[in-house]
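# Topology and contacts: notes
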Amino acid sequence: MKYHVWTMGCQMNKAESSRLAGYLASLGLENVKDIKDADILILNTCVVRQNAEDKVNGMLGYLKGIKQAKPEMRIAVTGCFVTDDLSALSKSFPYVNHFFKPGESRSFEEWLLSESVGNLHGNIGMALQSVSSLSVYIPIIQGCNNFCSYCIVPYRRGREQSRTAEDVVTEAQKAAVAGAREIILLGQNVNSYGKDLGNGTDLSGLLALLNQLEGLLRIRFLTNHPRDMSPDLISSIASLDKVCHHFCVPLQAGDDLILKAMHRHYTYQDFRALIRQTRQMIPDIALSTDIIVGFPGESEDQFENTFKAIEELRFDAVHIAAYSTRTQTYASEHYPDDVPYEVKIQRLRRVENLQKGILTEINRQLIGKTLEILVEGKKGSKWYGRTYSDKVVFFTGSQDYSGKLVSILIESASPWSLQGIPATV
Ligand code: SAH
Ligand code: SF4
Ligand code: F3S
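Per chain, residue numbering runs from 1 following the sequence as it is written. Whichever chain is written first is A, and whichever ligand is written first is 1; the rest continue in order. At least 70 in pLDDT is required for a residue's local features to be given in this predicted model, at least 80 for side-chain atom pairs to be given and counted, and no such filter applies to totals for whole chains, interfaces and linings, which use all residues. Water and hydrogen atoms play no part in the side-chain values, which are based on all heavy atoms of the structure.

## Comments concerning the site of ligand 2
In the vicinity of ligand 2, the residues found are C144, N146, F147, C148, Y150, C151, V153, P154, Q188, H225 and R264. Three classes are used, and their members are as follows: Ala, Val, Leu, Ile, Met, Phe, Trp, Tyr, Cys and Pro are nonpolar, Asp, Glu, Lys and Arg are charged, and the others, Gly among them, are polar. Partitioned by chemical class, the residues of the shell around ligand 2 number 7 nonpolar, 3 polar and 1 charged. Working definition: residue near molecule or strand if any one of its non-hydrogen atoms lies within 4 Å of it.

Put into structure tokens, the structure is as follows:
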């Protein structure tokens, strides 16, 4: 029997897909590249913006035709497209055999069993992941309690639910034994980890436990809410040798009134102070952020405040999105989506260009420096990997560098990557 897992969206979805694929492989199913060849097809969906939701609907439309030609194909849909009202979904998409909410692997297992595939003894949560074992995603907290006014995620992924530290460490240990060198801890709000457990567990404590694991070289985590970025956590990043000097902390907007309307619960000055303190404690920290442009009511001046913030804070990466109305959210019910599409795109391009210039400068300063790279593989004749600060580096070399930490002398730089040669010691 053959399977295919189709995935879009964030790292959380990639991690969950890789578990589902690992589970199906453990049952003896064969992975196929072409959707049409699959007996079991899983769609792992994202609806963070309208264009993502359009892509899901497009795929479902395509599958309707495929299913007519191949009625024995079984289709399961998971991810954030799946609402609480499963029966309404089944009515709208009768050719989908099973819908299950993200992370509800038990429901998936039970369905497989009802289709005479698999058994209930497999534990998908712990199934070995099928993707590159060098770098492994480990979800540590599901859901989000923040309810930012624009965001659909809490409605689709529910409230925060942390895994126990023991569970996470066991999984990380298994991954390390299987050859992983890097783990990336995931959550919508990863630095809120442990609060719901009520036993004093937090992200700093978890990082300290993971830092002791043999075989692992690097630990990363994403994404953080600025409000939950504690001094304790920053000290842990500074002091634990495997924890990379890099994290993502979404600003979303540089204007206080917009931040308030977004229900972010901080001001630009609070955010700026956090960045300043982090850079004082960890001078080589690399920071990335997310920005939304064209939020309802965003005036030209308010957009300028966001633009100036990006200019001032000089991030190592900025992910920019144009505001998109999402059903159920506070913003969709209270604020008209009144910034014209062309204006949103103009603002998006302006921030993109600004950031391109900033990265050109930041990366140019790295020329002549020697940086440690965890080598991920080869593209054409070049090896590539990432620095501690998550920058992609390409280099040439005749040995097999796969999975190794290599010191690279940087010779040239573009905004998006660096090039170099192995440094001679
Ligand atoms: N929990 C993370 C990620 C949430 S979704 C966080 O708090 O940052 C990833 C990014 O998508 C967000 O950071 C935000 O910038 C963007 N996003 C979320 N909802 C959006 C919407 N309705 N319109 C445009 N961008 C959105
Ligand atoms: Fe969405 Fe805000 Fe939660 Fe991030 S913190 S997932 S933007 S509600
Ligand atoms: Fe998309 Fe859900 Fe992730 S909406 S970004 S798949 S949390």
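## Brief notes about the packing of aromatic side chains
Under the pairing criterion, centres of Phe, Tyr and Trp rings, with the six-membered ring standing for Trp, must be within 6.5 Å; the plane angle then separates stacked pairs below 30 degrees from edge-to-face pairs above 60, leaving the rest tilted. A full pass over the atoms with the stated rule returns 17 aromatic pairs. Residues F271 and F315 carry aromatic rings whose centres are separated by 6.4 Å and whose planes lie at 55° to one another, so their mutual orientation is tilted. Of this pair, F271 sits in helix 10 (residues 268-281) while F315 sits in the loop between helix 11 (300-313) and strand 13 (317-322), and the two are 44 residues apart along the sequence. A relative accessible area of 0% means that F315 is categorised as buried. Put simply, the rings of Y150, F295, Y323, Y330 and Y335 touch in pairs and so form one group of aromatic residues. The residue whose ring lies beneath R218 is Y388, and the NZ or CZ to ring-centre distance is 4.3 Å. In this structure, R350 packs its charged tip against the face of F307, placed 4.5 Å from the ring centre. Each helix is a run of H or I in the DSSP string that is no shorter than four residues. Each strand is a run of E no shorter than two, and both are numbered from the N terminus. Only protein chains enter the accessibility calculation, which uses a 1.4 Å probe; a residue is then buried when its area is under 20% of its type maximum, exposed when over 50%, and partly exposed in between. Any Lys NZ or Arg CZ found within 6 Å of a ring centre and within 35 degrees of that ring's normal is scored as a charge over the ring.

## A closer look at the packing of helix 11 against helix 13 (residues 341-364)
The angle between two axes is taken between their N-to-C directions and runs from 0 to 180 degrees, where each axis is a line fitted to C-alpha atoms and a helix contributes only its stretch in contact. Contact geometry for helix 11 and helix 13: axes closest at 10 Å, N-to-C directions at 15°. One element, helix 11, and the other, helix 13, form an angle in the roughly parallel class. The hand of the helix 11/helix 13 crossing is right-handed. Contacts between helix 11 and helix 13 involve E300, F303, E304, F307, I310 and E311 from the first element and R347, R350, V351, L354, Q355 and I358 from the second. Partitioning the contact of helix 11 with helix 13 into residue classes produces 6 nonpolar, 1 polar and 5 charged. For classification purposes, an angle smaller than 35 degrees is called roughly parallel, one larger than 145 roughly antiparallel, one from 65 to 115 roughly perpendicular, and anything else oblique. Helix crossings get a hand from a simple test, with the near helix turned counterclockwise from the far one by less than a right angle marking a left-handed crossing and a clockwise turn marking a right-handed one. Here, two residues are considered to be in contact whenever any of their heavy atoms come within 4.5 Å of each other.

## Structural notes on the packing of helix 1 (residues 11-26) against helix 4 (residues 105-114)
Look at helix 1 against helix 4: their axes get within 12 Å of each other, and the N-to-C directions meet at 30°. Considering their axes alone, helix 1 and helix 4 lie roughly parallel with respect to each other. Crossing geometry of helix 1 relative to helix 4 is assigned as right-handed. Facing helix 1, whose interface residues are L20, Y23 and L24, helix 4 presents F108, E109 and L112. Class assignment of the residues belonging to the contact of helix 1 with helix 4 gives a composition of 5 nonpolar, no polar and 1 charged.

## So, the sheet that holds strand 17 (residues 405-413)
In a beta sheet, neighbouring strands pair by backbone hydrogen bonds and run either parallel or antiparallel. By this definition, two strands are paired if DSSP reports at least two bridges between them. If you walk around this closed barrel you meet the 5 strands as 14-15-16-18-17, and the pairing is mixed. Looking at each pair of strands side by side, their axes are set apart by 55° on average, direction ignored.

## So, the nonpolar core
Among buried residues, the Ala, Val, Leu, Ile, Met, Phe, Trp, Tyr and Cys ones that are joined through side-chain atoms within 4.5 Å form a nonpolar core. Formed by 69 residues in total, the largest nonpolar core has its most connected members in I140, L185, L203, L206 and L210. Per-element tally for this core: the top contributor is helix 6 (residues 165-177), with 6 residues. Not counting the four nearest positions on each side in its chain, L203 is found in contact with I140, L185, V190, N191, Y193, F221 and L233.

## Quick word on the pairing of strand 18 (residues 418-422)
Successive residues of a regular strand alternate their side chains across the two faces of the sheet. As paired elements, strand 16 (residues 392-395) and strand 18 share 3 bridges and run parallel to each other. Considered in strand 18, the bridge of V393 is made with L418. In terms of strand pairing, strand 17 meets strand 18 through 5 bridges, oriented antiparallel. By the bridge assignment, I410 is partnered in strand 18 with G420. Counted along the chain from strand 17 to the antiparallel partner strand 18, the turn is 4 residues long.

## A closer look at unusual backbone geometry
Note the cis peptide between L222 and T223, where omega equals -5°. Within the secondary structure, T223 sits in the loop between strand 10 (218-222) and helix 8 (231-239). Phi at Q252 is positive, roughly 70°, even though this residue is not glycine. Take Q252: it is sitting in the loop between strand 11 (246-248) and helix 9 (256-261).

## Considering the domain arrangement of the protein
All domain edges in this entry derive from an automatic or database-based domain assignment. By domain assignment, the protein separates into domain 1 (2-125), domain 2 (131-364) and domain 3 (370-422). A straight line from the C-alpha centre of domain 2 to that of domain 3 covers 25 Å. Two parts placed together each lose some accessible area under a 1.4 Å probe, and adding up what both lose gives the buried area. Together, the buried faces of domain 2 and domain 3 total about 1,400 Å²; carbon and sulfur atoms form 61% of this surface. Put simply, a salt bridge is a Lys or Arg side-chain nitrogen that is within 4 Å of an Asp or Glu carboxyl oxygen. Run the count over domain 2 and domain 3 and you get 2 salt bridges. With a closest N to O distance of 3.2 Å, D316 and K391 form a salt bridge. Looking at the side of domain 2 that touches domain 3, the elements that each hand over two or more residues are strand 10 and helix 13. No other element matches helix 13, which puts 6 residues into the side of domain 2 that touches domain 3. Grouping the amino acids of the side of domain 2 that touches domain 3 by side-chain chemistry returns 6 nonpolar, 4 polar and 8 charged.

## Focus on the sheet that holds strand 9 (residues 182-186)
Pairing in this open sheet of 3 strands is parallel, and the strands run 6-9-10 from one edge to the other. A strand with exactly one partner marks an edge of an open sheet, and here the two such strands are strand 6 (135-139) and strand 10. Mean inter-strand twist for the sheet, computed between neighbouring axes without regard to direction, equals 20°. Here strand 9 pairs with strand 10 via 5 bridges, running parallel. Note that in strand 10 the partner of L186 across the bridge is L222. Contacting strand 6 and strand 9, helix 6 runs over the sheet at an angle of about 165° to strand 6.

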